[in-house]
Amino acid sequence: SIKGKISENIIETIVSNFFKEDTIVNTSKEPMKGDYQLITKNYNILIEVKNYKNPVNQLEVDKFIRDVKHNKMHGIFISTTSNIVKKSLLEIEELPSGEITVYISNTGVTNDSIIYGIILLKELINKKVSDKCDITRIDTGLILENIEKFSEIYKYVCNLTKNINTIKNNITDNLQLLYNDSYKCELQIQTLFKNIKLEIQTELNKIDSNIKLIEKY
């Protein structure tokens, strides 16, 4: 659908802007690939995004785990408008095969959840690699508090950017109007100069004719 296509474009743009060294690939049309895959220097991340009215059921969660295992990637599962069955608002799990999965529920449709989801998962992966720690014991409550702060700042920045773009567009439009008016004035001046030149030539021709007439007599 057009609405879905717009949402996809927004997600791809946001991820590309925030993670410039990575590449976001839309894999939603490919089987067992998730909705997106984030290609990084050292690993890839599978991303699943749901916009359901009702809670995301266990079948969708099982599909996500299957795709994570199949692609041998860490994964993020985001539900923007509902909860995920048997999952808290933020839940971190590590599969027996070693992949880390992050579940974020009921995030809202601002798409900032995909940003902090990626940031969180990247940090978890780095922590696991460097310290070999049990990432599932991390205090998600503290992370949720920071996520809320991030969301507030992100919304403020989005509004600020929107206002800046509006002002920029208004300035551009006004400048274009000024350029158009300036061009019209330039044309009028050129026309006026031509008329003045023509009138002077006409008057000079009259004077010349009168002089010749006098000389004749």
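Scroll up to find the structure.
A.B. asks: I'm lost on the pattern of salt bridges in this one. Help?
C.D. replies: If the charged atoms of two oppositely charged side chains come close together, the side chains can form a pair. Enumeration according to the criterion identifies five salt bridges in this entry. In this structure, the salt-bridge partner of Glu 60 is Lys 50, at a minimum N-O distance of 3.3 Å. Of this pair, Glu 60 sits in helix α2 (residues 58-71) while Lys 50 sits in strand β3 (residues 44-50); the two residues are 10 residues apart in sequence, bridging distant segments of the chain. Assigned by exposure class, Glu 60 and Lys 50 land together as buried. Lys 87 is paired through a salt bridge with Glu 93; the nearest N and O atoms lie 2.5 Å apart. Within this structure, Glu 48, Lys 50 and Glu 60 form a network of salt bridges that share partners.

A.B. asks: Whenever I open this one, the environment of His 70 confuses me. Can you help?
C.D. replies: With respect to the element layout, His 70 can be found in helix α2. Taking the C-alpha atoms as reference points, His 70 and Lys 33, separated by 37 residues in sequence, lie 8.5 Å from one another.

A.B. asks: I keep staring at the pairing of strand β2 (residues 36-39) and nothing clicks. Help me out?
C.D. replies: Each regular strand carries side chains that alternate between the two faces of the sheet. Strand direction decides the pairing type here: strand β1 (residues 23-26) and β2, joined by four bridges, are antiparallel. Within the sheet, the bridge partner assigned to Val 25 lies in β2 and is Gln 37. Both β2 and β3 contribute to a ladder of four bridges, which runs antiparallel. Looking across to β3, one finds that Gln 37 is bridged to Leu 46. Taking the residues between adjacent antiparallel strands as the criterion, β2 and β3 are bridged by four residues.

A.B. asks: Got a minute to help me understand the sheet that holds β2 in this structure?
C.D. replies: In any sheet, the strands associate via hydrogen bonds between backbone groups, in a parallel or an antiparallel arrangement. In spatial order, the strands read β1-β2-β3-β4-β6-β5; together these six strands make up an open sheet with mixed pairing. The open sheet has two edge strands, β1 and β5 (90-94), and neither has a second partner. With strand direction ignored, the average angle separating the axes of adjacent strands in the sheet is 20°.

A.B. asks: So what exactly am I meant to see when it comes to the packing of aromatic side chains here?
C.D. replies: A ring pair, where both rings are aromatic, is described by two values, the distance of the centres and the angle of the planes. Enumeration over the complete set of coordinates arrives at three aromatic pairs. Seen in terms of ring centroids, Phe 64 and Phe 77 are 5.1 Å apart; in terms of plane orientation they differ by 90°. Their pairing is edge-to-face. Within this pair, whereas Phe 64 is found in helix α2, its partner Phe 77 is found in strand β4 (residues 74-79), the two being separated by 13 residues in sequence. Judged by relative accessible area, Phe 64 falls into the buried class, the value being 1%. Between Phe 64 and Tyr 103, the aromatic rings sit 5.6 Å apart at their centres with planes inclined by 75°, giving edge-to-face as the arrangement. With Phe 64 in helix α2 and Tyr 103 in strand β6 (residues 100-104), this residue pair connects regions lying 39 residues apart in the sequence. Neither Phe 64 nor Tyr 103 differs from the other in exposure class; each is buried. Connected via pairs of aromatic rings, a cluster forms that spans Phe 64, Phe 77 and Tyr 103.

The rules behind these values
Residues numbered from 1 in each chain as written. Predicted model: local features only at pLDDT ≥ 70, side-chain atom pairs only at ≥ 80, totals over all residues. Heavy atoms only, no water. Salt bridge = Lys/Arg side-chain N within 4 Å of Asp/Glu carboxyl O. Helix = DSSP H or I, 4+ residues; strand = E, 2+ residues; numbered from the N terminus. Buried < 20%, exposed > 50% of the residue type's maximum accessible area, 1.4 Å probe, protein only. Pairing = 2+ DSSP bridges. Axes fitted to C-alpha atoms, helices over the stretch in contact; angles between N-to-C directions. Phe/Tyr/Trp six-rings, centres within 6.5 Å; stacked < 30°, edge-to-face > 60°.

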